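Close look at the chain arrangement
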Amino acid sequence: MLGKHFATELAHLGRQQPPVALQNMRVVMTNPDLAQFLNLGPEWLANDTLLSLLFDSESKIATQSMAQKYGGHQFGQWNPQLGDGRGLLLGDTRALDGQLWDLHLKGAGPTPYARGGDGRAVLRSSIREYLASEALHALGIPTSRALALISSNHPVYRETPETAAMVIRACQSHIRFGHFEYFYHTDQKDKLDDLFAFCFRHHFVDCANADNPHLAMLEKITLETAKLIAKWQAFGFNHGVMNTDNMSVHGVTFDFGPYAFLDDYDPEFICNHSDHNGRYSFEQQPGIALWNLNALAHGFTPYASVDEIRQVLEKYEPTLLTHYRDLMLAKLGLEQVMPEDQRLLSDWLNLLEQDQRDYHQSFRLLAEFNVADGGKCDVLRDHFIDRDTYDSWAQRYYIRLKQQQSSDQARHLTMNKVNPKYILRNYLAQEAIEAAEQGDFSAIQRLLKVLARPFDEQENAEKYAQGVPDWGKRLEISCSS
Ligand code: AMP
Ligand code: MG
């Protein structure tokens, strides 16, 4: 059974209410590996038991589920009116990593924070959340996870009529930057104190014994966020809605909307079509995360001096740069940092950008480079349009690789462990979603299975590794959800 630490200790930071069922619900996807990690019983994986766990009025969950209140900076503007408008915290569980993990049901009906919304989530966006969480996890990018997906024929209206669904999301906690911002900016110091005390008791236990626990916690959030963003940048992930209410204090990817992985390498890529100024474009993400940490840090000002806080935030940039550099050098197959590597990397990225080459395929192909053959690599050379620029870059890469001891074969293997062959392309998600909207979830299951092992060569999976068809590039994903 689930615990209820947040609902008991912080009941005054939200509103208790039960989930509201949908018409003709069906549990269409479950995640047994995650259920095992979370120490959950088999009742979480079977249609009838899961539905009664969630929706029977006498079920314990119905009496402890709650909507959390928070605020957030949306596109740079402070908004105190946010909170779980359609999601409910179900309770928590002690997972195999020894940590407390929360379960949350998204699309569970309107709450006091719904601001006129219907409290529901459409199938399309629920599937996208499920796919992204599991794909990022398999790539080694910290993220909230997806435990189950419930579909229905319950009508909901967005641009067109659609059907509602629910996702059970798992995360260490659902505490966002916006939680601290809200209780700070509304002068509710008692509640802010309670929220911090809860964090020290359950989620930032190591920080509780520091000289200044609040500073230690801010430092942890700063460093984990920096490492997360380094991974987004290295794996070509564009979140799309980095509002502070979508930022997890655990430094994990959180609240998926119109996200996308890069196809062709384009640092200015904007996956969110309502983001007209590109505030959340791919290349803006590192700066925006720091902006968000600054917004969060206001909530820490009652507990530390501005100078102390500034010193903590100053650790963000070097942490991010070091992690990003290490990840990118590994993607290039370089074992140690040399002074010229930065230029080698940026010239490689410039080549991809100018030639509009696919980010992931290009790195995967780079592993074919052969030092033993004098740096010859036809499949890689043929991949580029501007062969002269490629040739001069390849010559430098060849000289650089010759400084390393390892064989071509060894480098090939290690590079393939960091350069995924299979990526969650928007068009792949879209094809699978269209089948699911017709009631066929087999394409989703197949896609999930391939994405669970993104670095391994898999049989009969070539279709998932091919270049993106023209129709699939820059797909306009609806931002409504
Ligand atoms: P999101 O874009 O999912 O991060 O949501 C932003 C805010 O709007 C959060 O406070 C959500 O709970 C709320 N929200 C989004 N869609 C709905 C909906 N259909 N009904 C109620 N609240 C919603
Ligand atoms: Mg959100």
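The notes below deal with the structure included here. (Residues numbered from 1 in each chain as written. Chains lettered and ligands numbered in written order. Predicted model: local features only at pLDDT ≥ 70, side-chain atom pairs only at ≥ 80, totals over all residues. Heavy atoms only, no water.)

Here's the deal with the overall build of the chain
In terms of helices and strands, the chain carries 19 helices and 12 strands. Taking 2.2 N^0.38 as the reference for a compact globule, 481 residues should give roughly 23 Å; the C-alpha atoms of the chain span a radius of gyration of 23 Å, in line with that estimate. Counting all 481 residues of the chain, 57% fall into the buried class. Across the chain, contacts joining residues at least 24 apart in sequence account for 73% of those joining residues at least 6 apart. Summed over its atoms, the accessible surface of the chain is roughly 19,900 Å², and 48% of this surface lies on carbon and sulfur atoms. Positive and negative side-chain charges in the chain, numbering 46 and 62 respectively, have mean positions lying 2 Å apart. (Helix = DSSP H or I, 4+ residues; strand = E, 2+ residues; numbered from the N terminus. Rg over C-alpha atoms; globule rule 2.2 N^0.38 Å. Buried < 20%, exposed > 50% of the residue type's maximum accessible area, 1.4 Å probe, protein only. Contact = heavy atoms within 4.5 Å. Areas by Shrake-Rupley, 256 points an atom, 1.4 Å probe, with all protein chains shown as cover. Lys, Arg positive; Asp, Glu negative; His and termini not counted. Charge placed at Lys NZ, Arg CZ, Asp CG, Glu CD.)

As for the coordination of the magnesium ion (ligand 2)
Distances from the magnesium ion (ligand 2) to its protein donors, N246 (OD1) and D255 (OD), fall within 2.0 to 2.2 Å. We classify N246 as buried; its relative accessible area is 11%. D255 sits in the buried class, given a relative accessible area of 13%. (Donors = N, O, S within 2.8 Å, 3.2 Å for Na, K, Ca; no water.)

Section: the site of ligand 1
Taken together, 14 residues lie near ligand 1, and G83, G85, R115, D118 and G119 sit nearest. Between an oxygen atom of ligand 1 and a side-chain N or O atom of R115, the distance comes to 2.8 Å. For ligand 1, whose free accessible area comes to 470 Å², the fraction covered by protein is 78%. Residues belonging to the shell around ligand 1 are distributed by class as follows: two nonpolar, five polar and seven charged. (Near = heavy atom within 4 Å. Polar contact = N/O pair within 3.5 Å; in protein donor to acceptor, adjacent residues only side chain to side chain. Nonpolar A, V, L, I, M, F, W, Y, C, P; charged D, E, K, R; others polar.)

Side note on unusual backbone geometry
Even without being glycine, N39 reaches a positive phi, approximately 65 degrees. Among the structural elements, N39 can be located in the loop between helix 2 (32-37) and helix 3 (47-55). Taking the relative accessible area as the measure of exposure, N39 reaches 48% and is therefore partly exposed. Although it is not a glycine, N460 sits at a positive phi angle of roughly 55 degrees. When you line up the elements, N460 lands in the loop between helix 18 (442-451) and helix 19 (462-465).

Examining the packing of aromatic side chains
The relative placement of two aromatic rings is captured by the distance of their centres and the angle of their planes. Tallied over the entire structure, the rule returns 22 aromatic pairs. Pairing Y182 with F183 gives two aromatic rings, centres 5.0 Å apart and planes at 80 degrees, and the pair type is edge-to-face. For F183, a relative accessible area of 2% gives the class buried. Taking NZ or CZ as reference, R279 lies 4.7 Å from the ring centre of W291, over its face. If you follow K331 out to its NZ or CZ, it ends over the ring of F363, 4.6 Å from the centre. (Phe/Tyr/Trp six-rings, centres within 6.5 Å; stacked < 30°, edge-to-face > 60°. Lys NZ or Arg CZ within 6 Å of the ring centre and 35° of its normal.)

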